[in-house]
Each structure stands twice: as C-alpha cells, then as structure tokens.
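# Observations on the three-dimensional arrangement
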Amino acid sequence: MKCQVLLPGTALLLSLVLLQTSTVQADRLQPKGYKETVEKLQKFYVSFEDQVSREFRRWKQQGAMSPHFRQLIQASAIGKSERAQEIRELPTAREGPLCAICRGFGGSVLEFRREGASREEVFNTTVELCTMLNLQEESICRGLIELNIDTILYIVDNRPELSSASLCAVVFQSGACVLDDPTFTEWQIDLDPNGTPVTASKAGTSQRGPNDLKIVQITDLHFDPNYRTGYNAECGAPACCRESQGVPEDPAAGAGHWGDYRACDTPWNAVEDLLDRVAEDHSDADFIYHTGDIIDHGIWETSIGYNVRSINRVIEKFRETFPETPVYNILGNHEAHPTNVYELGEVSRPDFSTNWLYHLSADLWGQWLPRAAEQTIRLGGYYTALVRPGFRVIALNNNDCYTFNWWILFQPDALKGQLQWVHDVLLQAERAGEKVHILAHLPISSDCFSVWQREYRRILERFRDTISAQFHGHTHKDEFNVFYASENPEYAVGVAWNGGSGTAHTDVNPNYVVYYVNPETYEVTDFESYAYNLTSANMSPDERPSWFRMYSFQEEYGLSDLSPAGVDELIQRLGTPAGRDELRRYWEYKVKLGDASLANDCTEDCLLNHLCEIVTNQADDLRKCQELSDTFFD
C-alpha cells in the first residue's frame with residue numbers, strides 16, 4: 001500500500017468536512033459538549049483563517065490559485081439546497097462550518113481591501129469566490145455584490161477596527177460564532193424603573209365573545225411583476241417563474257397560474273384575488289394589519305424605481321379594495337434597496353439613505369393615519385396611532401435589526417434609537433391607561449440581532465400589562481411565539497402571532513388570518529386562518545381559488561384563553577409524548593397544509609425543532625427549548 005502524501009493544511013480540510021457531516025438529535029438543540037466544541041472551534045477558525053489568508057495572498061500575488069487553495073474552496077462550498085434556506089433554518093451542525101467559511105474567505109477579502117485593493121478588484125474577487133463557494137450562480141453573485149459592495153466598502157473603510165470575527169458573528173448569529181466585541185454588545189435602552197417583578201404568567205381574557213373586534217392580517221404578498229405562468233420554476237435562483245428565465249422543456253417545471261410551491265413569488269392575479277377575498281368574505285373587519293414584504297425575492301436585480309412601482313401598485317389596490325377600512329401598514333425587509341439594507345448611524349453619503357422609502361411610505365400610508373404619525377415615518381419608517389380611545393397601535397420598522405442589514409456593522413448602538421422611542425411611547429400609553437398592539441415585520445426570534453432581541457425583551461417584560469398583542473410576518477409560516485421572563489423563564493409574559501404569507505414561496509399555501517379581539521382588553525381571543533390549496537387552484541386556472549377556513553386556534557386546541565398563561569399550558573402539553581398528534585397538527589397548519597411540505601413530512605426531531613422555535617426569542621437563550629426537550633421523549 002502506497003503512502004499518501006498530504007498537502008499542508010489537510011488536517012484543516014478534514015476538520016471542516018467532519019464539522020459539516022456531524023449531526024445532533026434535534027437541529028435547534030445544542031448537543032452535549034457544545035461549549036467545549038465551540039472553544040475548540042475558536043482555535044480552528046484562527047488556523048483556517050490563517051491558511052486561507054496565505055493562499056489568498058499567493059493567489060493575488062501570482063495571479064493563479066494553488067491546488068491547495070482550490071481544495072480549501074471545494075471543501076468549503078455549500079450545497080445548493082442551502083442557498084434557499086434562511087440561516088435560522090440551518091441545523092446546529094452547520095454553524096461551525098459556516099462561521100469558518102465566513103471568517104476564512106470574508107477575512108481575506110477584508111484584508112485585501114485594507115491593503116489597498118480597488119472597488120473593481122474587490123468586486124471581481126468576491127464574484128469569483130461567491131461562485132466557487134457555490135453561494136449562488138455567477139449571475140446572481142454578480143448582481144448581489146454589485147448592489148451591496150459600495151455599502152460594505154464604506155463600512156470597512158470607516159470602521160478600521162471591524163474584525164472578520166465580529167462581522168461573521170453578527171451575520172450568522174450562532175453559538176459557534178462568538179461575538180465578544182463590546183461595541184456591539186454593551187449598549188442598552190434606558191428602562192423606566194417602575195415596573196413590577198414577574199411573579200406569574202400573564203393571564204388574560206376569556207374566550208371569544210359576540211362583540212369582539214375583527215382584525216385581518218395580510219402579510220408577505222411578495223408581488224412579482226415578472227411572474228409568468230409556464231415559465232421555469234426550477235431555475236436555482238432565489239426567485240424563479242420569471243420572464244427572463246424562459247419556458248422549461250419539461251412542462252412540470254413550469255410555473256402555475258395562481259403561484260407555485262417552488263422558489264416563486266406571487267403573480268398579480270393572485271395578489272388581487274387575496275385582497276378581494278378578504279373584502280368579500282370579511283366586509284365587517286374593523287381594521288387591517290398589513291405587515292410588510294411587498295417586493296419579490298429577485299434580490300439581485302432590484303432598484304429604487306422597481307420597488308417604488310411595486311409598492312405603489314399594491315398600496316393602490318389596498319386603497320381600492322378597502323375604501324372604508326383603516327389599514328395599518330409596516331415595511332418589510334424586501335422593501336429596501338438593496339434588500340435588507342436600512343441605513344443606521346451617522347452616514348456621510350446621501351446615496352446610502354433609506355429616506356426615499358420613508359417619504360414614499362409617509363405619502364402612501366397617510367390617508368389611514370393621524371398627521372402626527374408622518375414625522376416618525378419620514379424619520380425611520382415607524383409610527384404610533386391611537387386607533388380608538390384606550391387602544392393604540394405601535395408599528396415598528398424592525399428591519400434595522402435584521403442581521404443582513406450591513407449598517408449594524410457600522411454603528412450598532414444606533415439600533416437604540418427606535419427601541420427607546422418604543423419604550424417612551426409605551427410609558428405614555430401606560431400612564432394614559434391605553435392597551436397596545438405592536439406590529440413588526442421580523443419576529444423577534446427570527447434573524448434579529450441578538451442584542452436588539454435582548455433589549456426588546458426588557459421592554460416587553462416591563463410593559464407586559466400594556467402590550468395586549470404582537471403581530472409579525474416574514475417567515476411565511478402560520479406560527480406563534482411565546483415570550484418568557486428573562487430572570488424567571490417559568491413565567492410567560494407575551495405572545496406574538498404570525499400572519500403567514502400571501503406568497504407560496506416556498507412549499508406553503510397562500511393564506512391570511514382573521515383575529516378576534518376583546519374590545520376592552522384588546523387581547524386576541526381567537527383567530528382563524530384562511531388558505532387555498534395551490535395544487536387544486538392551478539388545475540383550474542380559469543376559476544378563482546377555493547379559499548377555505550383552515551382552522552380556528554381556539555377550536556383546534558381547546559384553550560381556556562389565548563393569554564400567555566393559556567398558551568403556555570398548550571406548550572407544556574405539546575412538549576410531551578401525549579401531545580405529539582397535536583404538535584404534528586400544529587406543524588401541518590404552520591406550513592399551511594402545503595402539499596409540497598406535507599410530502600416531505602416532519603420527523604419527531606423535526607417536530608421538536610418547531611416546538612423550540614415557539615419558545616426561543618433570543619439567539620443565545622435556549623433554556624426553554626432545553627426544558628421542553630427533557631420531557632419530549634419521556
């Protein structure tokens with residue numbers, strides 16, 4: 001047997017491969033010995049970063065990649081299936097490899113710029129690496145980098161102390177990517193000290209009554225003006241079914257008339273039908289909450305003009321369809337250009353400003369809002385409005401906390417501004433005896449920077465008696481989150497409901513949600529989710545989709561009430577073998593009975609992950625998840 005000669009650094013390559021293939025029982029749980037593994041990973045990152053840096057320099061000096069550098073890239077390349085997933089959806093076993101890839105290759109590009117590389121040199125280099133690492137196809141890499149490079153270079157040039165370790169820890173926000181830079185972690189809001197300690201879960205209103213208010217939530221329409229029936233739904237890009245992607249040879253790969261389960265957004269006829277159905281079937285709705293993401297997933301080719309046209313068209317449809325019903329709108333992460341990028345901090349270049357979107361929103365939303373709301377919309381895309389005496393809405397633009405908002409890297413403590421405003425509005429509401437609904441596109445548990453999550457939880461806990469309900473979007477799932485006290489996690493202090501999505505992107509049916517709200521406490525007493533089956537709808541393109549009431553939360557789970565205390569009782573039940581059938585039903589509703597999701601099924605480990613997602617609202621706080629996992633297999 002011949003002795004095999006190993007290239008330098010092969011041990012690092014083997015380590016990376018082993019990290020990629022390691023598994024744990026449930027993806028959202030940290031396995032035994034996780035802390036020790038993370039400590040070892042920190043040393044691995046440094047070694048890997050050094051190795052990539054040396055090979056990267058050699059590439060730039062000699063003009064060609066060494067065989068070893070190609071090996072490093074090949075071992076680091078991601079699978080195509082991971083492109084379509086949000087970072088939050090990736091298993092714990094992938095945290096280490098992704099952090100290593102970011103630090104190794106991202107760190108080398110960071111050095112490259114700081115050593116004098118031009119914009120063109122950085123652009124060409126990152127496009128090549130993006131393609132070779134299989135992050136996207138070359139055309140998508142090229143478009144995404146072109147849209148984002150100037151923002152990132154400005155941040156890199158003006159934050160010389162920004163390290164690759166901090167950059168990757170913010171973006172990937174996982175236990176394996178440690179953030180130890182106090183610039184990012186040591187800011188906090190000024191909290192009113194007059195709150196009471198949490199000594200019990202928050203109890204609430206009894207079940208649904210005849211005089212309840214009716215509020216419809218519509219979210220994540222993701223209207224795609226480029227959607228074409230019959231065009232390629234299996235294109236491999238973040239958004240398919242588009243005119244530029246052509247008609248596939250296999251008709252089964254073609255886009256459906258009413259939408260598509262694959263990575264496709266919503267045709268205009270489906271947007272119109274959803275809004276018309278709400279108007280026809282729920283004409284007695286008191287209010288509508290429209291919680292963002294009008295723009296499609298063509299994130300590599302947006303422009304301000306493109307986004308403005310789609311936003312105008314959708315909001316005009318809301319105006320026509322609900323002429324007498326107040327609509328409370330908020331922004332989604334896709335409304336910005338570039339996608340996700342909301343300016344933060346003291347930036348000297350006006351071309352980076354998000355003001356175009358804020359001014360547009362103030363103009364379009366004005367008919368439904370008091371004049372006073374205009375000031376903060378123009379300032380940052382958020383507002384408050386007194387809906388009726390004793391009842392207030394706070395509409396956040398929490399897209400600023402999205403970990404893919406590069407401006408967090410520039411001035412992280414600038415996130416404090418809007419949060420402090422929320423605190424101050426809630427303090428005034430408390431003193432006036434008002435109850436409050438909070439609208440936010442991003443669920444607090446989903447993709448928000450962990451320090452922002454921490455500070456929001458402090459606000460929620462302090463004003464838990466004033467905040468009657470929270471409403472989110474973004475995930476495209478019909479789900480909810482329960483918040484627990486930071487110091488006493490046995491006590492539930494809040495619930496946030498998610499409206500799902502008007503888009504079928506990806507593997508879900510389109511839906512909207514109707515909430516029933518007590519007219520005195522403004523707590524949700526029940527909700528009904530409405531959907532249509534996309535497979536059936538596309539078989540009859542000349543007929544409108546057949547919408548149906550998917551379920552009533554109260555009927556399905558038989559709760560005493562939908563307060564934090566009441567919903568916590570359900571969580572405890574779902575966290576036992578006796579609650580397995582109910583938990584499976586929860587998952588089926590979460591994916592909105594989408595045929596494509598149901599075909600993939602959900603194992604017990606998968607179900608535990610979905611249960612953990614309900615109770616996890618801060619990236620580094622897995623106490624409730626661990627508690628549930630301890631009873632799950634009893």
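What counts as what
- Residues numbered from 1 in each chain as written.
- Predicted model: local features only at pLDDT ≥ 70, side-chain atom pairs only at ≥ 80, totals over all residues.
- Heavy atoms only, no water.
- Pairing = 2+ DSSP bridges.
- Helix = DSSP H or I, 4+ residues; strand = E, 2+ residues; numbered from the N terminus.
- Axes fitted to C-alpha atoms, helices over the stretch in contact; angles between N-to-C directions.
- Contact = heavy atoms within 4.5 Å.
- Disulfide = S-S within 2.5 Å.
- Buried < 20%, exposed > 50% of the residue type's maximum accessible area, 1.4 Å probe, protein only.
- UniProt positions renumbered as here; feature names shortened; annotations may be inferred.
- Polar contact = N/O pair within 3.5 Å; in protein donor to acceptor, adjacent residues only side chain to side chain.
- Domains from an automatic or database assignment.
- Buried area = accessible area lost by both parts, 1.4 Å probe.
- Salt bridge = Lys/Arg side-chain N within 4 Å of Asp/Glu carboxyl O.
- Phe/Tyr/Trp six-rings, centres within 6.5 Å; stacked < 30°, edge-to-face > 60°.
- Lys NZ or Arg CZ within 6 Å of the ring centre and 35° of its normal.

## Section: the sheet that holds strand 10 (residues 511–517)
Taken in spatial order, the six strands make up an open sheet running 3-2-1-10-11-12, and their pairing is mixed. Each of the sheet's edge strands pairs with one partner strand only, and the pair in question is strand 3 (327–329) and strand 12 (548–552). On average, each strand axis in the sheet is tilted by 25 degrees relative to the strand beside it, whichever way the strands run. Bridge count for strand 2 (residues 287–290) against strand 3 is three bridges, and the pairing is parallel. Among the inter-strand pairings, Ile288 is bridged to a residue of strand 3, identified as Val327. Seen against the sheet, helix 11 (residues 304–321) touches strand 1 (213–218), strand 2 and strand 3 and runs at an angle of roughly 170 degrees to strand 2.

## With respect to the state of the cysteines
Summed over all chains, the structure comprises eight disulfides. Through a disulfide, Cys602 is tied to Cys606; the S-S separation comes to 1.9 Å. Taking the sign of the S-S torsion, about -95 degrees here, the bridge from Cys602 to Cys606 comes out left-handed. One exposure class covers both Cys602 and Cys606, and it is buried. Across a sulfur-sulfur distance of 2.0 Å, Cys612 and Cys625 are joined as a disulfide pair.

## Side note on the UniProt feature "binding site: Zn(2+) 2" (unreviewed entry) in the protein
The feature "binding site: Zn(2+) 2" (unreviewed entry), as annotated in UniProt, sits at Asp293, Asn333, His441 and His474 in this numbering. The greatest C-alpha distance among the annotated residues, which extend across 182 residues, is 8.2 Å, indicating that they converge on a single site. Position of Asn333 among the secondary structure elements: in the loop between strand 3 and helix 12 (355–365). Among the residues examined, Asn333 registers a relative accessible area of 1% and is labelled buried. Residues in contact with Asn333, not counting those within four places in the same chain, are Asp293, Thr339, Asn340, Tyr342, Asn399, Tyr402, His441 and His474. At 2.9 Å, the side chain of Asn333 forms a polar contact with the side chain of Asn340. Examined against the element boundaries, His474 turns out to sit in the loop between strand 7 (467–472) and strand 8 (480–484). With relative accessibility at 4%, the residue His474 sits in the buried group.

## A word on the domain arrangement of the protein
Here the protein is partitioned into domain 1 (16–184) and domain 2 (213–227 + 265–570). Centre-to-centre separation of domain 1 and domain 2, based on C-alpha positions: 32 Å. On the side of domain 2, 30 residues touch domain 1, which itself brings 25 residues to the contact. Note on domain 1 versus domain 2: buried area summed over both sides is about 2,400 Å², and carbon and sulfur give 67% of it. Scanning the region where domain 1 abuts domain 2 turns up zero salt bridges.

## Some points on the packing of aromatic side chains
For the structure on display, the rule yields 42 aromatic pairs. Considering the side-chain rings of Tyr515 and Phe527, the 5.7 Å spacing of their centres and the 55 degrees angle between planes classify their relative orientation as tilted. You can see Tyr515 sitting in strand 10 and its partner Phe527 sitting in strand 11 (residues 524–531), a full twelve residues away along the chain. Looking at Phe527, the relative accessible area reads 4%, which means it is buried. Aromatic pair Phe527 and Phe553: ring centres 5.0 Å apart, planes at 25 degrees, arrangement stacked. Residue Phe527 is located in strand 11, and its partner Phe553 is located in helix 17 (residues 553–557); the two are separated by 26 residues in the primary sequence. Residue Phe527 shares its accessibility class with Phe553, and that shared class is buried. If you follow Lys60 out to its NZ or CZ, it ends over the ring of Trp59, 3.8 Å from the centre.

## A short note on the pattern of salt bridges
Inspection of every chain in the model, using the stated rule, returns 44 salt bridges. Two residues, Arg242 and Glu301, come together in a salt bridge whose shortest N-O distance is 2.5 Å. Taken together, the positions of Arg242 in the loop between strand 1 and helix 10 (268–281) and Glu301 in the loop between strand 2 and helix 11 put the pair 59 residues apart, joining distant regions of the chain. Assessed through its relative accessible area of 38%, Glu301 is described here as partly exposed.

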